[in-house]
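Chain residues, written in single-letter form:
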Amino acid sequence: MRYFAGIDMGSTAIKIALVDESEELAGHIVAPTGSLFQQNTLAALRILLQEKGLSRSDVAYILSTGYGRKLFSEADETVSEITANAAGARTIAGTASIRTIINIGGQDSKILLLDGDGHIRNFVMNDKCAAGTGRFLEMTARNLGTEVDGLGELHRRCSGAPLAITSTCTVFAESEIISLLAKGHQRDEIVAGVHYSIARRIVRLARRIGIEDGVFFDGGPALNSGMVAALEDELLRRVMVPAMPQLTTAIGAAALARAAWLETGAPINA
Ligand code: ADP
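Keep in mind that this is a model prediction, so the values were computed, not measured.

What counts and how
Residues numbered from 1 in each chain as written. Predicted model: local features only at pLDDT ≥ 70, side-chain atom pairs only at ≥ 80, totals over all residues. Heavy atoms only, no water. Pairing = 2+ DSSP bridges. Helix = DSSP H or I, 4+ residues; strand = E, 2+ residues; numbered from the N terminus. Contact = heavy atoms within 4.5 Å. Axes fitted to C-alpha atoms, helices over the stretch in contact; angles between N-to-C directions. Expected span 1.5 Å × (residues − 1). Buried < 20%, exposed > 50% of the residue type's maximum accessible area, 1.4 Å probe, protein only. Phe/Tyr/Trp six-rings, centres within 6.5 Å; stacked < 30°, edge-to-face > 60°. Core = buried A, V, L, I, M, F, W, Y, C linked by side-chain atoms within 4.5 Å.

Side note on the pairing of strand β8 (residues 120-126)
It is a general feature of regular strands that their side chains alternate between the two faces of the sheet. With six bridges joining them, strand β7 (residues 109-114) and β8 adopt antiparallel strand pairing. Residue pairing in the sheet places I111 in a bridge with V124 of β8. Where β7 hands over to β8, the hairpin turn is made up of five residues, of which G118 adopts a positive phi near 85 degrees.

Following this line, the structure appears as structure tokens:
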């Protein structure tokens, strides 16, 4: 059996998905990106292969994507994260039900509009400002003495109105959070306020290209149930969250690697 690897080298986390010849997900791993992209990616791949009892020669094709995609010399090919994200959503959910993808990453966020065949019609991206990204959530967790995976539970505990976080920049928002704590506000109302602040930014970004029904929400922050709830409230729509939202782009890259190798052997345009 041959395997195909999609490696999403994100600003925050390296995600690797392995698919087999029948496009079944054979394994996955998420590891911190750190500063040594190539080394950390190789280490993550080695651990994944070891866990699955595979060796490097079992992997017929590697396609890298994401922020650091050009930095992994073992990749056979690279592809943009926009292309890989759309491919991942198609692989996971099919083409019938998705028209809009909202991806929030560690340092950027993007909205993709798809046509009925799952191909990209338009997209918009924010990579200039951390306020609508996972970095804001990490800063919030740090200041509240918790981890990002604890934010959903804190949001659920908020029984009153979420606090308004008015700062438009994470640097000022950090001071705002510290001063809200000093005034005696509860962590849960602050967390809910941060989730709504991010959700409003994402919706404003999405409105630039339009939001169409059939919304798929992915990227690491989609693991946060509070972020999902705030986004649904601001969108006035339910969103579809895959079982492993942080892995969508890597799964798309693995599917594209398999397609490139099995069907044509021709490069996929990045
Ligand atoms: P990138 O591709 O830019 O590295 P990811 O899609 O991996 O970004 O998302 C990283 C972000 O996901 C982090 O900044 C954090 O906010 C969020 N995140 C990661 N793991 C979790 C988790 N277990 N629960 C909630 N949020 C998470």
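Here's the deal with the sheet that holds β7
With mixed pairing, the five strands of this open sheet are ordered in space as β8-β7-β6-β9-β10. Since the sheet does not close on itself, it has two edges, and those belong to β8 and β10 (239-240), each with one partner. Two strands pair when backbone bridges link them, and strand β9 (residues 215-218) and β10 are joined in this way by two bridges, in the parallel orientation. When the sheet's bridge partners are listed, F216 is paired in β10 with M240. Against the sheet, helix α2 (residues 81-93) engages β6 (100-104), β7, β8, β9 and β10, with an angle of about 60 degrees to β7.

Section: helix α6 (residues 187-207)
Under the 1.5 Å per step criterion, the end-to-end length of α6 is 30 Å for 21 residues, consistent within 8% with the ideal 30 Å. Most of α6 sits out of view: 16 of its 21 residues are buried.

Topic: the sheet that holds strand β5 (residues 77-78)
An order of β3-β2-β1-β4-β5 is seen for the five strands of this open sheet, with the pairing classed as mixed. Either end of the sheet is taken by a strand with one partner, and the two such strands are β3 (25-32) and β5. As paired elements, strand β1 (residues 3-9) and strand β4 (residues 59-65) share six bridges and run parallel to each other. By the bridge assignment, I7 is partnered in β4 with S64.

What about the packing of aromatic side chains?
One pass over the full model with this rule turns up two aromatic pairs. Relative to Y67, the ring of F37 has its centre 6.2 Å away and its plane inclined at 35 degrees; by these criteria the two rings are tilted. Taken together, the residues F37 in helix α1 (residues 37-51) and Y67 in the loop between β4 and β5 connect sequence positions 30 residues apart. Using a relative accessible area of 54% as the deciding quantity, one classes Y67 as exposed.

Details of the nonpolar core
Ranked by size, the top nonpolar core spans 38 residues in total, and within it I102, I111, I198, F217, L231 and L235 carry the most contacts. At the level of elements, β6, β7, α3 (134-143), α4 (151-157), α5 (170-182), α6, β9 and α7 (225-235) are the ones that each hand at least two residues to this core. Top element by residues in this core is α6. It accounts for 10 residues. Beyond its immediate sequence surroundings of up to four residues, I111 is in contact with T100, I101, I102, N122, F123, V124, I202, L205, A206 and I209. The next biggest cluster of nonpolar side chains, apart from the first, holds 19 residues, and it includes I16, L45, L48 and L54.

Brief notes about the side chain of R69
Tracing the backbone through its elements, the reader meets R69 in the loop between β4 and β5. Look at R69 and you get buried, because its relative accessible area is 16%. When near neighbours in sequence (up to four residues on either side) are disregarded, R69 contacts M9, S64, T78, V79, S80 and E81.

A word on the pairing of β7
Counting buried residues along β7, six of its six residues qualify, which places the element largely inside the surrounding structure. Residues S109, I111 and L113 line one face of β7 and the alternating positions K110, L112 and L114 line the opposite face, and both faces are buried. In terms of strand pairing, β6 meets β7 through five bridges, oriented antiparallel. Bridged to I104 within β7 is S109. Linking β6 back to β7 in an antiparallel pair, the connection comprises four residues.

Focus: unusual backbone geometry
The phi angle at E23 is positive, at roughly 65 degrees, despite the residue not being glycine. One can find E23 in the loop between β2 (13-20) and β3. In this structure, L236 takes a positive phi of about 60 degrees despite not being glycine. As for its placement among the helices and strands, L236 is situated in the loop between α7 and β10.

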